Amino acid sequence: MRPLTGRQELLRYVIASVPLVFAGAAWAFIVAQGIAEWQEAALDVALGVVGLVLLHWRRRLPFVIAVGTALLTVESSSATGAAFVALVSLATHRDWRRTAGAAAVLWLVFVGTSFVDSGWEVSTLVAAVGGAVTIGCLVGFGLYRRSTRDLELSEERRREGERRDGLERARAGERARIAREMHDVLAHRLSILSLHAGALAHRTDLTADEVRQAAAVIRDNAHASLEELRSTLGSLREEDPLGGPQPSFDDLPALVSEVREAGQRVGYSAALEDVEQLPPQVGRHVYRIVQEALTNARKHAPGAPVTVELSGASGTSVEVRVTNAASPRGAASVSSDGSPDGPSNGLGLIGLGERAALLGGTLTHHNDGDRFVVEASLPWSVTE
């Protein structure tokens, strides 16, 4: 049960006080004319005030207060307003049986007081019919308030459910984004670490300088992995929602240089017109796609040369093509359903497809003779 605001509560007391004010004024006039004694007037007004006080508990004890204020009207016309408000409150918040009981008590009071005063006269018939109509209207208004309250609660629950669902979808999307970032970042770094660690483990003809150089590369990449992991996980913290600076298209030459220094043979060409107009989000996705494609080549076709080709122009699209010789072991082969085989189950390429789809682009991968090809097409102009 939703509590009333201060303004709503005041309005109900004002409505209940209207009969009390009019009855008090009428009693003052009657007493002044000597038609009635002041004690009778004082009792009527006092019982009306009692009815107003009882309204304070109408939501906690609605049936008791509705019946109690109805009985007060036996001796007090001033309490009629309080009785009406209590009956409406009961009809709004309780079942029809209690509402019908309280309404019957109030109607019997109307008819009974008129019968005691006038007997079976026209006035009693008018009181019976008028009382029934008035009480019916009050109960109907209470039921209307109940239906509107239920609709409001239902709508509020629906909005709350939608809000919770939206939050869950946002959390799921954010978890997926973080997972993609962690995969893209760590797979790249760890594949370089694996390459150099394997060289140290199997090469016995390396000089001391070559061993130190390989160890330095392993150390630097391990440090870079920790820094990038810390930056990516920073997106989980409220104070760092973006997880630190993101890579851009301008970082691609540095990425290519890094993997070349690690021993991967990469041919790189970027024939993009108006590259300075390339939206940052497109450049970031191009970087991640190339990074992941190079990582896959190192994992599935170690030692094979890789070619990275970029093309496109403002107003068209950015085309990315990465090719490498297929591994003699078939690690880069594609299964019949179009997904790459191997221990990674194609999760990297699935992530690449999701990145392209985020921008409304496409990504495909296939074997072309003895070469494995990854091709992506991203729209040049997008809106985040």
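On a predicted model such as this, the values are computed, not experimentally measured, just so you know.

K.L.:
Break down the nonpolar core for me, with residues and values.
P.N.:
In terms of nonpolar packing, the biggest core is built from 35 residues, with Leu252, Val286, Val290, Leu294, Leu310, Val318 and Val320 touching the most fellow members. Of all the elements in the fold, those that place two or more residues in this core are helix H8 (252-261), strand E1 (266-272), helix H9 (280-300), strand E2 (306-312), strand E3 (317-325), helix H10 (347-358) and strand E5 (371-379). Ranked by residue count, the leading element in this core is H9, at 8 residues. Apart from the residues lying within four places of it in its own chain, the contact partners of Val290 are Leu252, Leu255, Val308, Leu310 and Val320. Ile65, Ala103, Leu106 and Ile135 belong to the second largest nonpolar core, which has 23 residues in total.

K.L.:
How would you summarise the pairing of E3 if you had to cite specific residues and measurements?
P.N.:
Pairing analysis gives 7 bridges linking E2 to E3, with the strands arranged antiparallel. Across the sheet, the residue bridging to Val308 is Val322, located in E3. Connecting E2 to the antiparallel partner E3 that follows it, the hairpin turn spans 4 residues, and Gly315 within it adopts a positive phi of roughly 90 degrees. Of the pairings in the sheet, the one linking E3 to E5 comprises 9 bridges and is antiparallel in character. In the sheet register, Thr323 faces E5, and the bridge partner there is Val373.

K.L.:
How would you sum up the packing of helix H3 (residues 62-72) against helix H5 (residues 96-118)? Please name residues and give values.
P.N.:
One way to put it is that H3 packs onto H5 with a least axis distance of 9 Å and a crossing angle of 5 degrees. Here H3 lies roughly parallel to H5, going by the angle between them. Two secondary-structure elements touch here, H3 through Phe63, Ala66, Val67, Ala70 and Leu71 and H5 through Arg98, Ala102, Val105, Leu106 and Val109. Residues belonging to the contact of H3 with H5 are distributed by class as follows: 9 nonpolar, no polar and 1 charged.

About the criteria used
Residues numbered from 1 in each chain as written. Predicted model: local features only at pLDDT ≥ 70, side-chain atom pairs only at ≥ 80, totals over all residues. Heavy atoms only, no water. Core = buried A, V, L, I, M, F, W, Y, C linked by side-chain atoms within 4.5 Å. Buried < 20%, exposed > 50% of the residue type's maximum accessible area, 1.4 Å probe, protein only. Helix = DSSP H or I, 4+ residues; strand = E, 2+ residues; numbered from the N terminus. Contact = heavy atoms within 4.5 Å. Pairing = 2+ DSSP bridges. Axes fitted to C-alpha atoms, helices over the stretch in contact; angles between N-to-C directions. Parallel < 35°, antiparallel > 145°, perpendicular 65-115°, else oblique. Nonpolar A, V, L, I, M, F, W, Y, C, P; charged D, E, K, R; others polar.

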